[in-house]
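Topology and contacts: notes
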Amino acid sequence: MSGQEINSRSINSQSIKSVLLHPDSQGTDLKKWLAGNGGAGIEKALSNPDNIIPTIREAGLRGMGGSGFPAYKKWQFVSDQTANPDKYLICNGNEDEPGTFKDACLLSHSPNQVIEGALITALANQINKIVFYINPDQETSLANIRYAVEQWQASDFFSRIEEKLATQLSIRVMESSGHYVGGEETAAIESVEGNFPFPRGKPPYPATAGVHGCPTLVNNVETLANVSHILRNGAKWYQALGLDECSGTKLYCLSGDVVKPGVYELPMGTPLSDLIYIHGGGMLLDKKLKAVFSGGASSSILTPEDIDVPLDFDSVHERGSSLGTGAMIVVSEGTGIVKRVTEYVNFYAHSSCGQCPPCKTGTFYISQLLNKINTGQASSVDLESLINLCKILPGSGRCHLLDGAVKIVDSSLLHFADEYKSSLKR
Ligand SMILES: Cc1cc2nc3c(=O)[nH]c(=O)nc-3n(C[C@H](O)[C@H](O)[C@H](O)COP(=O)(O)O)c2cc1C
Ligand code: SF4
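Computed from a predicted structure; not experimentally measured.

How each quantity is defined
- Residues numbered from 1 in each chain as written.
- Chains lettered and ligands numbered in written order.
- Predicted model: local features only at pLDDT ≥ 70, side-chain atom pairs only at ≥ 80, totals over all residues.
- Near = placed C-beta within 6 Å.
- Helix = DSSP H or I, 4+ residues; strand = E, 2+ residues; numbered from the N terminus.
- Nonpolar A, V, L, I, M, F, W, Y, C, P; charged D, E, K, R; others polar.
- Pairing = 2+ DSSP bridges.
- Axes fitted to C-alpha atoms, helices over the stretch in contact; angles between N-to-C directions.
- Parallel < 35°, antiparallel > 145°, perpendicular 65-115°, else oblique.
- Contact = placed C-beta atoms within 7 Å.
- Domains from an automatic or database assignment.
- Buried ≥ 20, exposed ≤ 12 C-beta atoms within 10 Å, placed from the backbone.
- Arc of directions from axis to C-beta.

1. Here we look at the site of ligand 2
- The local shell around ligand 2 holds 14 residues, among which Cys353, Cys356, Cys359, Gly397 and Cys399 are the closest.
- Where the shell around ligand 2 is concerned, the elements lending two or more residues are helix 15 (357-374) and helix 17 (400-415).
- Here the residues of the shell around ligand 2 sort into 8 nonpolar, 4 polar and 2 charged.

Put into structure tokens, the structure is as follows:
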């Protein structure tokens, strides 16, 4: 497909309401935030904490860290835990997946909306320990969130929240290890405890036993950033922001072979065609679209046939892929898919924490085979081995890293089999 193609879901760019990237949401100064979009959400939350979870439920807020899990469900599990005096909230800003750079944008440019969201979340779930868990490479995010947290701690809101919680509220801003796997929720819990981020087996789930055995809620930065706006403007307002049945807006990270890469806040359910051809300015050098690595680079590849797919969790899932973090890496004709997939799998093999043998050896072998194929040194037997590994490996790791690595290989074998065959040794 070349040029613009707009389908029935397309929206007039004039009618797009930005919320998280709205100018009133920007800045590190708490006073400025309170004079604009801030403060009203936490006021409503303080006036009726029991109404927070029902509001989030009605709004239809989904987890933006990759899974799209309904936020209220996880919150309800944590809220129901009453035996332990301590509960944790980890605001997950590890963000190390290829093509994903939205959380850094929120943390560095608009930390107050993330913090207000986290405070409301703590109130809803009787959480007394908040940890901002941030990638150490994001120096501006770390500095700005620290600066903003200090202002909140000195504000009247803070003591009012402590009063409602009937206990002291602690906030810690910590650097994650920076490993990609450290963003997995149980790995984040290990990190907060001071350990290497090895993902844990589940159950127990974090909601019942997380940091030091305490109930723990792990939410993505973008998920929490939406919370103050929902409380301030109401569930119906949030629902109406999305297209068709979808609620809210989404931060899409557009990168690769497009004219204008960047972070775009658009209604949830915006078609892929709009993102690339309208907001992203189209394909670089007017080349044809070849593929899109969706959801970061850990989901099945989308092809030009999927150009009309609405970018929401359910619709992308129906196409056999996933929205994930909302990262779309665009690839144009002329780019070798085998080379691209090899680069991503090298990253996953390097990122495997190594505690599950099928992941440690599986990602290593897949990476070896791909490197062999990519450099024209592989035989058809090597290709067969790659195909077989993609059949036996899924589901044999503790976390999604292994499955994500296999998905891009498997889907590239499905859609670009000819490229693999033509890369073999003659
Ligand atoms: C290997 C791996 C890395 C992950 N990295 C992140 C991350 O950097 N940030 C994030 O929010 N979620 C990440 N996740 C997803 C988390 O496990 C978890 O689902 C998420 O933080 C929950 O937040 P949400 O419900 O708000 O989406 C990762 C998952 C895996 C398997
Ligand atoms: S699947 Fe891989 S990254 Fe995940 S816990 Fe197992 S070895 Fe570690």
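The structure having been displayed, the exposition proceeds.
2. Observations concerning unusual backbone geometry
- In this model, Lys202 is joined to Pro203 through a cis peptide bond whose omega is -5°.
- The omega torsion across Pro203 and Pro204 is 5°, close enough to zero to call that bond cis.
- The phi torsion at Gln126 lies on the positive side, around 50°, for a residue other than glycine.
- Relative to the helices and strands, Gln126 resides in the loop between helix 6 (111-125) and strand 2 (129-134).
- One non-glycine residue, Leu285, lies in the positive phi region at around 55°.

3. Here we look at the pairing of strand 8 (residues 327-332)
- Of the strand pairs in this sheet, strand 5 (residues 249-256) and strand 8 are connected by 4 bridges, and their pairing is parallel. Within strand 8, the residue paired with Gly256 across the bridge is Val330.
- Sheet analysis places strand 7 (residues 289-294) next to strand 8, joined by 5 bridges and oriented antiparallel. Residue pairing in the sheet places Phe293 in a bridge with Ile329 of strand 8.

4. Concerning the packing of helix 2 (residues 40-47) against helix 6
- It is at 10 Å that the axes of helix 2 and helix 6 come closest, and there the two elements cross at 5°. Judged by the inter-axis angle, helix 2 sits roughly parallel to helix 6. In this structure, helix 2 uses Gly41, Ile42 and Ala45 to contact helix 6, whose residues at the interface are Glu116, Leu119, Ile120 and Leu123.

5. Digging into the site of ligand 1
- The immediate surroundings of ligand 1 are formed by 22 residues, with Gly63, Gly65, Gly183, Asn220 and Thr223 found nearest.
- Elements with a minimum of two residues in the shell around ligand 1: strand 4 (216-220) and helix 17.
- No other element matches the 3 residues that strand 4 contributes to the shell around ligand 1.
- Residues belonging to the shell around ligand 1 are distributed by class as follows: 7 nonpolar, 11 polar and 4 charged.
- Each of domain 1 (17-238) and domain 3 (337-422) contributes no fewer than three residues to the shell around ligand 1.

6. With respect to the sheet that holds strand 7
- With mixed pairing, 4 strands are arranged side by side in an open sheet as 6-5-8-7. The strands lining the two open edges of the sheet, one partner per strand, are strand 6 (262-267) and strand 7. For this sheet the average axis-to-axis angle between neighbouring strands, irrespective of direction, equals 30°.
- With respect to the sheet, helix 12 (residues 272-279) is in contact with strand 5, strand 6, strand 7 and strand 8, its orientation differing from that of strand 6 by roughly 130°.

7. Looking at the packing of helix 14 (residues 337-351) against helix 17
- Following both chains from N to C, one finds helix 14 and helix 17 inclined at 170°, their axes separated by 10 Å at the closest point. When the interaxial angle is binned, helix 14 and helix 17 end up roughly antiparallel. Between helix 14 and helix 17, the residues in contact are Ile337, Val341, Tyr344, Val345, Tyr348 and Ser351 and Leu401, Gly404, Ala405, Ile408, Val409 and Ser412, respectively.
- For the contact of helix 14 with helix 17, a count of residues per class yields 9 nonpolar, 3 polar and no charged.

8. Let's talk about the sheet that holds strand 4
- Pairing within the open sheet is parallel, and its 4 strands lie in the order 3-2-1-4. The strands lining the two open edges of the sheet, one partner per strand, are strand 3 (170-175) and strand 4. Averaged over all neighbouring strand pairs, the angle between strand axes comes to 20°, with direction disregarded.
- Here strand 2 pairs with strand 3 via 6 bridges, running parallel. Note on strand 3: the bridge partner recorded for Val131 is Arg172.
- Together, strand 1 (88-93), strand 2 and strand 3 form the strand contacts of helix 7 (residues 139-153), whose direction differs from that of strand 3 by roughly 170°.
- Strands strand 1, strand 2 and strand 4 of the sheet are contacted by helix 9 (residues 185-192), whose axis makes an angle of about 105° with strand 2.

9. Topic: helix 3 (residues 52-59)
- Inspection of helix 3 places Ile52, Thr55, Ile56 and Ala59 among the buried residues, and these make up the whole buried set. Viewed end-on, helix 3 has its buried residues packed into an arc of 95°, placing them on one side of the element.
- Elements that come into contact with the buried residues of helix 3 comprise helix 2, helix 4 (71-80), helix 6, helix 10 (221-233) and helix 11 (235-241).
- Directly beyond the C-terminal end of helix 3, a positive phi value near 80° is found at Gly60.

10. Description of the pairing of strand 1
- Across the 6 residues of strand 1, 6 count as buried, placing the element largely inside the fold.
- The two faces of strand 1 match: Tyr88, Ile90 and Asn92 on one face and Leu89, Cys91 and Gly93 on the other face are all buried.
- In this structure, strand 1 lies alongside strand 2, joined through 6 bridges in parallel fashion. Residue pairing in the sheet places Cys91 in a bridge with Phe132 of strand 2.
- Here 5 bridges tie strand 1 to strand 4, and the two strands are oriented parallel to one another. Counterpart to Cys91 in the pairing with strand 4 is Asn219.

11. Some details on the environment of Thr216
- Mapped onto the fold, Thr216 is located in strand 4.
- Linking Thr216 and Ile127, residues 89 residues apart in sequence, is a C-alpha distance of 8.5 Å.
- Excluding residues that lie within four positions of it along the chain, Thr216 makes contacts with Tyr88, Ile90, Ile189, Pro206, Gly210 and Val211.

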